[in-house]
Amino acid sequence: PFTIKTRQNAYQARALIIASGASARLLGLESEKKLIGRGVSTCATCDAYFFRGKEVIVVGGGDSAMEEALFLTKFATRVTVVHRRDRLRASKIMQERARKNDKISFLWNTIVIDILDPAKELVEAVKLRNVITGEETMSKTDGVFLALGHIPNTQIFAGQLEMQNGYIVTRNGTKTSVPGAFAAGDVQDVVYKQAITAAGSGCMAAMDAEKFLEAEGEI
């Protein structure tokens, strides 16, 4: 009952497993797009090593931002957390860990409005704005790590599957609102969002799909 179309072909299937993941939420700056992979990153565990002995900033105020900041302290000499509010959204324990780390400092009520310098294909500084006073300043940095959360890649399924806040709703394992369609990983996980849990739910979806096909007499 399912037809999946790509640019080149169309594929038909009796069961479908959706595992399209999630994309990191970005600031929406033109300079940000040009400098991704050239000093702008969405993954500290992936890129922290390249900032050994350098100064970096982390944008965000949740648990993921604190995790990124703490991990970066293993390599960077200084980590500045830039947050648009005057308090963190992170859990109490993550806040305490970050505040106790001498390498981490905080810049409150502040947003990043530009990243320099795309022309040089590297990060040299960020342009900041205080959301209370409107004052704009420049701050030298070697890297920008974005920890603003993720957006599930589910837009293609809008209006076809039951969703909540962009995430596919699953019940009784990995079953979606459409019989024969299953969802695994960050497209349906609003709590854990880890590689190991995504892999586990992928296995669950495969088993659920197999049971569904057996019940339909397909295998």
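Residues numbered from 1 in each chain as written. Predicted model: local features only at pLDDT ≥ 70, side-chain atom pairs only at ≥ 80, totals over all residues. Heavy atoms only, no water.

Turning our eyes to something else, we now look at the layout of surface pockets. By volume, the largest pocket is sized at about 800 Å³. Surrounding the largest pocket, 27 residues form its lining, S64, E67, H150, K193 and Q194 being those nearest its centre. Looking at the lining of the largest pocket, the elements that each hand over two or more residues are β4 (22–24), α2 (44–47) and α3 (63–72). Here the lining of the largest pocket gets five residues from one element, more than from any other, and that element is α3. (1 Å grid on protein atoms, 1.4 Å probe; cavity = no way out; pocket = protein on both sides within 12 Å on 5 of 7 lines; lining within 4 Å. Points joined across faces, edges and corners; volume = space filled by probe spheres on them. Helix = DSSP H or I, 4+ residues; strand = E, 2+ residues; numbered from the N terminus.)

Moving on to unusual backbone geometry. Along the chain, L116 connects to D117 via a cis peptide bond; the corresponding omega equals 15°. Take D117: it is sitting in the loop between β9 (110–116) and β10 (125–130). Phi at N109 is positive, roughly 50°, even though this residue is not glycine. As for its placement among the helices and strands, N109 is situated in the loop between β8 (104–107) and β9. Although it is not a glycine, N172 sits at a positive phi angle of roughly 50°. Of note, N172 is situated in the loop between β15 (167–168) and β16 (181–183).

A few words now on the sheet that holds strand β7 (residues 78–82). With parallel pairing, five strands are arranged side by side in an open sheet as β5-β12-β6-β7-β8. Two strands in the sheet have a free side with no partner beyond their single neighbour: β5 (40–41) and β8. As paired elements, β7 and β8 share four bridges and run parallel to each other. When the sheet's bridge partners are listed, T80 is paired in β8 with S105. (Pairing = 2+ DSSP bridges.)

Given 3.6 residues to a turn, an α-helix orients residues that are three or four positions apart in the same direction. Regarding α3, the residues found buried are A65, M66, E68, A69, L70 and L72. Buried residues along α3 sit against α2, β6 (55–59), β7, α4 (92–100), β8 and β12 (143–146). (Buried < 20%, exposed > 50% of the residue type's maximum accessible area, 1.4 Å probe, protein only. Contact = heavy atoms within 4.5 Å.)

Once that is clear, we can look at the nonpolar core. Counting 22 residues, the largest nonpolar core has V58, M66, L72, V79 and I104 as its most contacted members. Counting residues per element, the ones that place at least two in this core are β6, α3, β7, α4 and β8. The element contributing the most residues to this core is α3, with five residues. Counting 13 residues, the second largest nonpolar core, distinct from the first, contains L29, L35, V123 and V126. (Core = buried A, V, L, I, M, F, W, Y, C linked by side-chain atoms within 4.5 Å.)

Interpretation in functional terms is not warranted from these geometric data alone.
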